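Each chain is listed here by its residues.
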Amino acid sequence: GPKVLQIPSHQIIDMGQMVTLNCDPVSNHLYFYWYKQILGQQMEFLVNFYNGKVMEKSKLFKDQFSVERPDGSYFTLKIQPTALEDSAVYFCASSSDWNYAEQFFGPGTRLTVL
Amino acid sequence: GDKVKQSPSALSLQEGTNSALRCNFSIAATTVQWFLQNPRGSLINLFYLVPGTKENGRLKSTFNSKESYSTLHIRDAQLEDSGTYFCAAVMPNYNVLYFGSGTKLTVEP
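This report concerns the structure included in the present document. (Residues numbered from 1 in each chain as written. Chains lettered and ligands numbered in written order. Predicted model: local features only at pLDDT ≥ 70, side-chain atom pairs only at ≥ 80, totals over all residues. Heavy atoms only, no water.)

1. What to know about the pattern of salt bridges
As enumerated under the stated definition, the model contains three salt bridges over all chains in all. Put simply, Asp-81 of chain B and Arg-58 of chain B hold a salt bridge, and the shortest N to O gap is 2.7 Å. One end of the pair, Asp-81 of chain B, is in the loop between strand 8 (69-74) and strand 9 (83-90); the other, Arg-58 of chain B, is in the loop between strand 6 (52-56) and strand 7 (59-64), and 23 residues separate them in sequence. Several salt bridges share partner residues, and in doing so they unite Lys-62, Glu-85 and Asp-86 of chain A into one network. (Salt bridge = Lys/Arg side-chain N within 4 Å of Asp/Glu carboxyl O. Helix = DSSP H or I, 4+ residues; strand = E, 2+ residues; numbered from the N terminus.)

See below:
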């Protein structure tokens, strides 16, 4: 099926540092998403994004978080500064449409904040 | 509270047997997806459903929007079916997938 890629697969950083997680969505998709899964817990929505704008975000999407997709390159999630509670696996997803469209997920980036 | 309640939380099956997983939705869902999260953590898309039923090999899934539930049936379970199964639903007015808490399936020889 359609493939979403994420880089890196693992990232270890010290608390307070900045981190950027990269997502390469399915090539013709225009709608992008980030989800967060803390180890052993439920997957939770962070944000969705279309046409250069955040469309919806959850309360987990703190002020330290930002997303962008400059000119068709990677869709990124930046956390600055990081906190211990940001340790989790972050999944990127994309879809071809806004409504009634299947979301396809990447393999996740495991972020460890020390 | 939880918008998506998934059951059971864990399930152990003998190879060759059948079982069903279920998700109940607290409010009306518009679409449902089922995923398998493999031991490496990757999410594999199993089904995307508007109300109705789909079948793929030994898997069959139904989404009943009127009664607010979805089921995933596994027939003739194999060792490689082991992993954690998640359902997720989109609710009206939000383009967000709300996930269930998962069913950890272990298939034993």
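2. Examining the pairing of strand 4 (residues 31-37) of chain A
Residues and elements named next belong to chain A. Burial analysis of strand 4 places seven of its seven residues in the buried class, which makes it a mostly covered element. By the bridge criterion, seven bridges tie strand 4 to strand 5 (residues 43-50) in an arrangement that is antiparallel. Each bridged residue has a counterpart across the sheet, and for Trp-34 the counterpart in strand 5 is Val-47. In textbook terms, the turn of a hairpin is the stretch between consecutive antiparallel strands, and for strand 4 and strand 5 this stretch comprises five residues, one of which, Gly-40, has a positive phi near 80°. The sheet contact formed by strand 4 and strand 9 (residues 88-95) spans seven bridges and is antiparallel. Across the sheet, residue Tyr-35 finds its bridge partner in strand 9, namely Phe-91. (Buried < 20%, exposed > 50% of the residue type's maximum accessible area, 1.4 Å probe, protein only. Pairing = 2+ DSSP bridges.)

3. Examining the environment of Val-113 of chain A
Residues and elements named next belong to chain A. Mapped onto the secondary structure, Val-113 falls in strand 11 (residues 109-113). Residues Val-113 and Asp-63, 50 residues apart in the sequence, show an inter-C-alpha distance of 17 Å. Not counting residues up to four positions away in its chain, the partners in contact with Val-113 are Ile-13, Asp-14, Met-15, Thr-82, Ala-83, Leu-84, Asp-86 and Ser-87. (Contact = heavy atoms within 4.5 Å.)

4. Considerations on the packing of aromatic side chains
Given two aromatic rings, their pairing is described by the distance between the two centres and the angle made by the two planes. Within the structure shown, the criterion is met by 15 aromatic pairs over all chains. On the numbers, 5.6 Å between centres and 25° between planes, the contact of Phe-35 of chain B with Phe-99 of chain B is stacked. With a gap of 64 residues between them, Phe-35 of chain B in strand 4 (residues 31-37) and Phe-99 of chain B in strand 10 (residues 97-99) connect regions that are remote in the sequence. The buried category is assigned to Phe-35 of chain B, whose relative accessible area is 0%. Note on Phe-99 of chain B: relative accessible area 3%, which makes it buried. By way of ring pairs, the aromatic residues Tyr-33, Tyr-35, Phe-45 and Phe-105 of chain A together with Phe-35, Phe-86 and Phe-99 of chain B are connected into one cluster. Across the ring face of Tyr-69 of chain B, the terminal group of Arg-22 of chain B is positioned such that the distance to the ring centre comes to 4.0 Å. (Phe/Tyr/Trp six-rings, centres within 6.5 Å; stacked < 30°, edge-to-face > 60°. Lys NZ or Arg CZ within 6 Å of the ring centre and 35° of its normal.)

5. Brief notes about the interface of chain B and chain A
Contact with chain B, which involves 20 residues of that partner, is made by 17 residues of chain A. Overall, the association of chain B and chain A removes approximately 1600 Å² of surface from exposure, summing both partners, and the carbon and sulfur fraction of that is 51%. Looking only at chain B, the three residues that lose the most surface to chain A are Tyr-48, Asn-95 and Phe-99 of chain B, adding up to 36% of its buried area. Our count for the contact surface shared by chain B and chain A stands at zero salt bridges. For the pair chain B and chain A, the number of links is 12 residue pairs in polar contact (both at pLDDT 80 or more). Among the elements that make up the side of chain B that touches chain A, the one with the highest residue count is strand 4 of chain B (four residues). Broken down by class, the residue content of the side of chain B that touches chain A amounts to nine nonpolar, 11 polar and no charged. (Buried area = accessible area lost by both parts, 1.4 Å probe. Polar contact = N/O pair within 3.5 Å; in protein donor to acceptor, adjacent residues only side chain to side chain. Nonpolar A, V, L, I, M, F, W, Y, C, P; charged D, E, K, R; others polar.)

6. Structural notes on the state of the cysteines
Here the structure, examined in full by the defined rule, presents two disulfides over all chains. Here Cys-23 of chain A pairs with Cys-92 of chain A through a disulfide, and the sulfurs are 1.8 Å apart. Its torsion about the S-S bond being -60°, the disulfide of Cys-23 of chain A and Cys-92 of chain A is classed as left-handed. Note that Cys-23 of chain A is positioned in strand 3 (residues 19-24) and Cys-92 of chain A in strand 9, a separation of 69 residues in sequence. With respect to burial, Cys-23 of chain A and Cys-92 of chain A carry one shared label: buried. One disulfide bridge connects Cys-23 of chain B with Cys-87 of chain B, the sulfur atoms lying 1.8 Å from each other. An S-S torsion of about -100° defines the bridge between Cys-23 of chain B and Cys-87 of chain B as left-handed. (Disulfide = S-S within 2.5 Å.)

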